[in-house]
There are 2 protein chains.
Amino acid sequence: MPTPPPDHAPTKDSDAGGGFVVLDAMGGDSGPAVVVAGALVAWREFGVPVVLVGRAEVVERELGRQGGVGELDVRHADEVVPMAEAVARSVARRGASLMVGCELARREGAPFVSAGSTGAVVACAVRAFGRRESVLRPALAVALPTAAGSTVLVDAGGTADPSAEMLAQFATLGAEYARGVLGVRDPSVGLLSVGSEPGKGNRLVRDAARLLPDMPVRFHGNVEGHDVLAGTVDVVVTDGFTGNVVLKNIEGCVRTTLGMVARAGLAETGPLDEVARLYAADTHGGAALLGLDGTVVVAHGSSGPAAIARACVVARDLAVRGAGV
Amino acid sequence: MPTPPPDHAPTKDSDAGGGFVVLDAMGGDSGPAVVVAGALVAWREFGVPVVLVGRAEVVERELGRQGGVGELDVRHADEVVPMAEAVARSVARRGASLMVGCELARREGAPFVSAGSTGAVVACAVRAFGRRESVLRPALAVALPTAAGSTVLVDAGGTADPSAEMLAQFATLGAEYARGVLGVRDPSVGLLSVGSEPGKGNRLVRDAARLLPDMPVRFHGNVEGHDVLAGTVDVVVTDGFTGNVVLKNIEGCVRTTLGMVARAGLAETGPLDEVARLYAADTHGGAALLGLDGTVVVAHGSSGPAAIARACVVARDLAVRGAGV
């Protein structure tokens, strides 16, 4: 077990692993008990120091209940953003754990993690960190396992109605992520559409397909739904609506397929669960919000402690390795 | 083996199975050899009489090569629509197998089948058959197997950029299909989005969500990507772009998942192939084009003989059972 962190707030770069992570203790569907449990896993098992932001009395009580008093730092925030609240209202809650956490992370140059809601996290993070110069809109990136490695899906839900210019820019952000985080030297980028021919797609995709050859990425052309997990390209670019639907469709499809295999008695459920875990929210842990002046990871709203911990590890790694992401 | 069909063109309702099917012999990626093979399977194994429309000398030669001279009727069409051709040009080819086939099917009240391209089939079918009264745009419906039965995905690629009014109408068409073809008495309809709360989604979905409670369907509310195969609702409504991406994403995801199971040595590949087949284009065979004054089935461009045969059987069944679809 690592030595306990100091009982004052950690400072930037205080840890060999690349500094602490700021975690919204009140985010997610399951409440602070789960988030605090995840933070303790991140610290105890992965050596990531976590600063928990939320209602101090609630968070301290959870730390006490879980035997973690003094292990993690807590910063008080009066308010909470309800998961179903409209994004515009969430951003206005300056005293909520989400905004207080974002501001703390920005001041300290630390990565920030929250389990949602996604819309509120994106809006608050943009407000607090600001967009990198020339970035029109941030995008969420998720690395999906393929037979041969990983494919980055971008945008997985940051911007539901992007313009063609934004979509073309997501290609650049996704390629940076593939280079910086996955170590792909010259990532190929595909535009998700309904046919591989250039003219195929909806209006948005047809417009973006005309812009992409001029972007500073290795543009492969259009790819289709079956290409996402086939490893056809390193980065699959799509709008945040389609990307979010595809991401959740994959989760559900893996579950249904393995369920059919198990029910047919073709394999033991234990090992099948290992395959399921590859595509479960608990494994990829979180989506990186690309294009901001800071590192932000959005964990799934239904995250359990393992997913919260994983999101903290990913955020720490992104902050360390992901120069320019 | 059924008795050979008459060597003159079959007439409407000449067969107990519900009349003949008109098949575009020149459609699909693989050419007439595969389509003719599929037509022979449809007739020999399923008793569906097929009229093949295409270049007579090519089709007759294939029938000869496959030992099927005289078994199926052939109608000559001078031209062919290339798979990658722009839709506007395809519709202008009045002498192509696609348009000649559509016109023949309309005149004879017979169902029509083609393996694409999808865009060209939709455009030519709309031109030839016309839309049912008050139908704004046709939509493609595919029945996907779930653990408990089937879910109808609509639109699976008919209209890439529908309006909210069109999307709301797809709900009615999908529910008709679920009732008429799958026998679901009071089908529930979900709107595919990025969150289950009413306000979630892109502009199109948020607008459609406001219209759907007033449509004559049992509207469940929003569903998400993981609901498509979970059997959450009987009908999943989405735009043709997202629907096509989701459909192909499922095909790819099932393949990838089963590949991982096989590579991990968890099960024999033979039985796994059975599961894969459930979601392969070869099994569902085709998508029904809803909203027209006639029955049209679009087979996958990569269809093999089994998929072509299956599409013919589905078209025959739709024409017999699918009153109002």
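Please read all numbers here as calculations on a predicted model, not as lab measurements. (Residues numbered from 1 in each chain as written. Chains lettered and ligands numbered in written order. Predicted model: local features only at pLDDT ≥ 70, side-chain atom pairs only at ≥ 80, totals over all residues. Heavy atoms only, no water.)

**Re the sheet that holds strand β7 (residues 188–192) of chain B**
Residue and element names in this part refer to chain B.
In step 1: Pairing in this open sheet of eleven strands is mixed, and the strands run β3-β2-β1-β4-β11-β10-β5-β6-β9-β7-β8 from one edge to the other. Every interior strand has two partners, whereas the edge strands, β3 (73–76) and β8 (218–223), have only one. Going across the sheet, the axis of each strand differs from the next one's by a mean of 25 degrees, ignoring polarity.
In step 2: Pairing between strand β6 (residues 150–154) and strand β9 (residues 235–237): three bridges, direction parallel. Residue pairing in the sheet places Val 152 in a bridge with Val 235 of β9. (Pairing = 2+ DSSP bridges. Helix = DSSP H or I, 4+ residues; strand = E, 2+ residues; numbered from the N terminus. Axes fitted to C-alpha atoms, helices over the stretch in contact; angles between N-to-C directions.)

**Some points on the relation of the copies chain A and chain B**
Taken together, a rotation about one axis and a shift along it account for how the two chain copies relate.
In step 1: Between chain A and chain B, which share one sequence, the superposing operator has a rotation angle of 180 degrees and an axial displacement of 0.0 Å; the RMSD is 0.0 Å. Each copy turns onto its partner about a two-fold axis. Distance from the rotation axis, computed per C-alpha, reaches its smallest value in chain A at Ala267(A): 2.7 Å.
In step 2: When the interface residues of chain A are mapped onto chain B, 100% of them again fall at the interface, so both copies present the same face. (Least-squares fit on C-alpha atoms with pLDDT ≥ 70 in both. Contact = heavy atoms within 4.5 Å.)

**Observations concerning the domain arrangement of chain A**
Put simply, an interface is often sized by how much accessible area is lost when its parts join up.
Residues and elements named next belong to chain A.
In step 1: As far as domains go, chain A holds domain 1 (1–130 + 292–325) and domain 2 (133–282).
In step 2: Between the C-alpha centres of domain 1 and domain 2 the distance comes to 26 Å.
In step 3: Listed per partner, the contact involves 16 residues of domain 1 and eleven residues of domain 2.
In step 4: Summing both partners gives a buried area of about 1100 Å² for domain 1 against domain 2, and 65% of it is carried by carbon and sulfur.
In step 5: Linking domain 1 with domain 2 are zero salt bridges.
In step 6: The interface formed by domain 1 and domain 2 contains zero residue pairs in polar contact (both at pLDDT 80 or more).
In step 7: For the side of domain 1 that touches domain 2, the elements supplying multiple residues, two or more each, are α5 (118–129) and α11 (305–321). (Domains from an automatic or database assignment. Buried area = accessible area lost by both parts, 1.4 Å probe. Salt bridge = Lys/Arg side-chain N within 4 Å of Asp/Glu carboxyl O. Polar contact = N/O pair within 3.5 Å; in protein donor to acceptor, adjacent residues only side chain to side chain.)

**A short note on the pattern of salt bridges**
Residue and element names in this part refer to chain A.
In step 1: Overall, the coordinates contain 28 salt bridges over all chains when judged by the stated rule.
In step 2: Across the pair Asp 73 and Arg 75 runs a salt bridge, and its minimum N-O distance is 3.6 Å.
In step 3: Counted as one network, the salt bridges with shared partners bring together Glu 79, Glu 85, Arg 89 and Arg 93.

**Describing unusual backbone geometry**
Residues and elements named next belong to chain A.
In step 1: The omega angle of the peptide bond from Gly 116 to Ser 117 is 5 degrees, so this bond is cis rather than trans.
In step 2: Positionally, Ser 117 belongs in the loop between β4 (112–114) and α5.
In step 3: Its identity as a non-glycine residue notwithstanding, Ser 134 has a phi of 75 degrees, on the positive side.
In step 4: Position of Ser 134 among the secondary structure elements: in the loop between α5 and β5 (139–145).
In step 5: Overall, the relative accessible area of 60% leaves Ser 134 in the exposed class. (Buried < 20%, exposed > 50% of the residue type's maximum accessible area, 1.4 Å probe, protein only.)

**Comments concerning the interface of chain A and chain B**
In step 1: Facing the 46 residues of chain A at the interface are 46 residues of chain B.
In step 2: Three residues stand out in chain A for area buried against chain B, namely Phe241(A), Asn249(A) and Met260(A), and they jointly supply 17% of the buried area on that side.
In step 3: Between the two partners, chain A and chain B, sit two salt bridges.
In step 4: With a shortest N-O distance of 2.5 Å, Glu224(B) and Lys248(A) are connected by a salt bridge.
In step 5: Joining chain A to chain B, the criterion identifies eight residue pairs in polar contact (both at pLDDT 80 or more).
In step 6: At the level of elements, α7 (203–211), α8 (240–263) and α9 (269–278) of chain A are the ones that each hand at least two residues to the side of chain A that touches chain B.
In step 7: Sorting elements by how many residues they give to the side of chain A that touches chain B places α8(A) first, with 19 residues.

**Some remarks on the state of the cysteines**
In step 1: In total, this model carries zero disulfides over all chains according to the counting rule given.
In step 2: Free cysteine: Cys102(A), not disulfide-bonded; nearest cysteine sulfur from Cys124(A) at 5.8 Å. (Disulfide = S-S within 2.5 Å.)

**Let's talk about the environment of His76(A)**
Residue and element names in this part refer to chain A.
In step 1: Turning to its location among the elements, His 76 is positioned in strand β3 (residues 73–76).
In step 2: Overall, the relative accessible area of 42% leaves His 76 in the partly exposed class.
In step 3: Counting along the chain gives 172 residues from His 76 to Lys 248, while the straight-line C-alpha distance between them is 33 Å.
In step 4: Apart from residues no more than four positions distant in its own chain, His 76 is found in contact with Gly 54, Arg 55, Ala 56, Glu 57 and Val 100.
In step 5: Engagement of the side chain of His 76 in a polar contact is seen with the backbone nitrogen of Ala 56, the distance being 3.0 Å.

**Notes on the nonpolar core**
In step 1: If you look at the biggest cluster of nonpolar residues, it comprises 219 residues, and the most contacted ones within it are Leu52(A) and Leu52(B).
In step 2: Excluding residues within four positions of it along the chain, Leu52(B) makes contact with Leu23(B), Ala25(B), Val35(B), Val36(B), Ala39(B), Val59(B), Leu63(B), Leu72(B), Asp73(B), Val74(B) and Arg75(B). (Core = buried A, V, L, I, M, F, W, Y, C linked by side-chain atoms within 4.5 Å.)

**Quick notes on the sheet that holds strand β11 (residues 296–298) of chain A**
All names here are of chain A.
In step 1: With mixed pairing, the eleven strands of this open sheet are ordered in space as β3-β2-β1-β4-β11-β10-β5-β6-β9-β7-β8. A strand with exactly one partner marks an edge of an open sheet, and here the two such strands are β3 and β8 (218–223). Averaged over neighbouring strand pairs, the angle between their axes works out to 25 degrees when direction is ignored.
In step 2: Pairing geometry for strand β10 (residues 287–290) and β11, over two bridges, is antiparallel. Looking at β11, one finds that Ala 288 is bridged to Val 297.
In step 3: Along the sheet, α7 makes contact with β7 (188–192) and β8, crossing β7 at roughly 155 degrees.

**Some points on the pairing of β8(A)**
When a strand is regular, its side chains alternate between the sheet's two faces.
Residue and element names in this part refer to chain A.
In step 1: In this structure, β7 lies alongside β8, joined through five bridges in parallel fashion. Directly across from Gly 190, in β8, lies its bridge partner Gly 221.
In step 2: You can see the chain leave β7, run along α7 and come back into β8, and the turn it takes is right-handed. (Right-handed = clockwise from strand over helix to strand, strands pointing away.)

**Observations concerning α8(A)**
All names here are of chain A.
In step 1: The end-to-end C-alpha distance of α8, which contains 24 residues, comes to 34 Å, matching closely the 34 Å that a straight helix rising 1.5 Å per residue would cover.
In step 2: The distance from a side-chain oxygen at the start of α8 to the backbone nitrogen of Phe 241 is 3.0 Å, and the residue carrying that oxygen is Asp 239.
In step 3: Backbone geometry just downstream of α8 places Gly 265 in the positive-phi region, at approximately 70 degrees. (Expected span 1.5 Å × (residues − 1).)

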